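Now for the letters of each chain:
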Amino acid sequence: MKQNGTEVNQQAIEWLINLQETPDDKELLERFTAWYQESVEHRLAWDDANATWNALGELNPSPALVADVTPVVNLRSHRRRMPQLISLAATLVLAVMLYSPLTQWFTADYYTGTGEMRQIALDDGSTVWLSAKSAIKIHYQANTRNVELLAGEAYFSVQPDPSRPFHVITDMADTTVLGTAFNVNLVADTFNIAVNHGRVAVTAHGSSEPLRSPLKAGNWLRLNNTGNTEWGDSSPDTAGIWRSGKLVVNNRPVGEVLDEIRRHYRGAIMLTDASVATRRLTGVYDLKTPENALQAIAKVQDLKLTQITPWVALLSPD
């Protein structure tokens, strides 16, 4: 019998807490792995629980958890931290139930889980590549082609059809094209677009005018949730380069880059110091091995990377 989103979310939270308490329990790990692999809904619910854990940890990480962290951690002493775990579990349950994006995936036409990439052929001959933890909904009509990017990142190769304009719709901006290839990314409350070839026009919600003159090959534009806009130029080939498993970063905040890596990391990534998230970062990282990407970021940012369990990575000032 198909479970609803609430039931699946509750199961994911229970697994997260149990794995925190007894990370060395091989039987527990085997049962979790079987549950995780059982369905896409289970994997997405696990991603949601970890994403909420990430957010709670960066806002106010548990002092007891941080104090106990060493390169090799014995969490069998969890009894003395049980009040903190119970409090965290209650907060996690409430946060996931109120703010979980899992319902978006249930309404999507296409979606991906952690570390998953997918190529989709649309009815009009256009192609969409979905990055990890991404979702889209298709709204095709006789005189228009609308694709709603619900979450994550997607690369679009659009079949030209002047009689049916192609629109990519997000909760921050709309992109209009006739025939082109471009990448759209939603991360850290920011809308990002980069053009590989062709021309696109981007219009912020609430405005009737494009944010600037149409973007062409090599142009990129970034719009945050406060309305601030940045744009510039880069190599056209970097648009959608994630399809080859690479994350190219040019002077972006660490917190935003970690959000990108979280889509490929099967666990929680936590910062003990929120100020680290605002540091700037430049580099190329391998999304196929997110653990190596975290190690590279830790090295260049003088951070200490500690693997608490197979499911939690902690970054802290060294």
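Structure first, text after, so check above.
Reading guide: rules and limits
- Residues numbered from 1 in each chain as written.
- Predicted model: local features only at pLDDT ≥ 70, side-chain atom pairs only at ≥ 80, totals over all residues.
- Heavy atoms only, no water.
- Helix = DSSP H or I, 4+ residues; strand = E, 2+ residues; numbered from the N terminus.
- Buried < 20%, exposed > 50% of the residue type's maximum accessible area, 1.4 Å probe, protein only.
- Contact = heavy atoms within 4.5 Å.
- Areas by Shrake-Rupley, 256 points an atom, 1.4 Å probe, with all protein chains shown as cover.
- Salt bridge = Lys/Arg side-chain N within 4 Å of Asp/Glu carboxyl O.
- Arc of directions from axis to C-beta.
- Phe/Tyr/Trp six-rings, centres within 6.5 Å; stacked < 30°, edge-to-face > 60°.

Chemist: Give me the overall build of the chain: which residues, what numbers.
Modeler: When helices and strands are tallied, the chain shows eight helices and 19 strands. Counting only residues that meet the buried cut, the chain has 49% of its 318 residues in that class. In the chain, of all internal contacts separated by at least 6 residues, the share reaching a separation of at least 24 is 55%. With the model as given, the accessible surface of the chain reaches about 15000 Å², and the carbon-plus-sulfur share is 51%.

Chemist: So what about the pattern of salt bridges? Which residues, and what values?
Modeler: On inspection of all chains with the given rule, the structure shows seven salt bridges. In this structure, Asp-124 engages Arg-145 in a salt bridge whose closest nitrogen and oxygen atoms are separated by 2.4 Å. Pair noted here: Asp-124 is in the loop between strand S2 (118-121) and strand S3 (127-130) and Arg-145 is in strand S5 (residues 145-151), with a separation of 21 residues, a long-range link. The class for Asp-124 is buried, based on a relative accessible area of 17%. What makes Arg-145 buried here is its relative accessible area of 1%. A salt bridge links Asp-259 to Arg-262; its shortest N-O distance comes to 2.6 Å. With a gap of three residues between them, Asp-259 and Arg-262 both fall in helix H7 (residues 254-262), about one helical turn apart.

Chemist: Can you lay out helix H8 (residues 290-300) for me, pointing to particular residues and giving the numbers?
Modeler: Along H8, the residues that are buried comprise Pro-290, Ala-293, Leu-294, Ile-297 and Ala-298. On an axial view of H8, the arc spanned by its buried residues comes to 135°, and they lie on one face. Projecting away from the buried face of H8 at angles above 90 degrees are the exposed residues Lys-299 and Val-300. One or two steps after H8, the chain reaches Asp-302, where phi turns positive at roughly 55°.

Chemist: Hey, could you go over the packing of aromatic side chains for me, with residue numbers and the actual values?
Modeler: Applying the stated criterion to the full structure yields eight aromatic pairs. Both rings, one in Trp-15 and one in Phe-32, keep their centres 5.7 Å apart while their planes meet at 65°; by these two values the pair is edge-to-face. Here Trp-15, found in helix H1 (residues 5-21), pairs with Phe-32, found in helix H2 (residues 26-38); they are 17 residues apart in sequence, far enough to count as distant. The exposure classification of Trp-15 matches that of Phe-32, with both residues buried.

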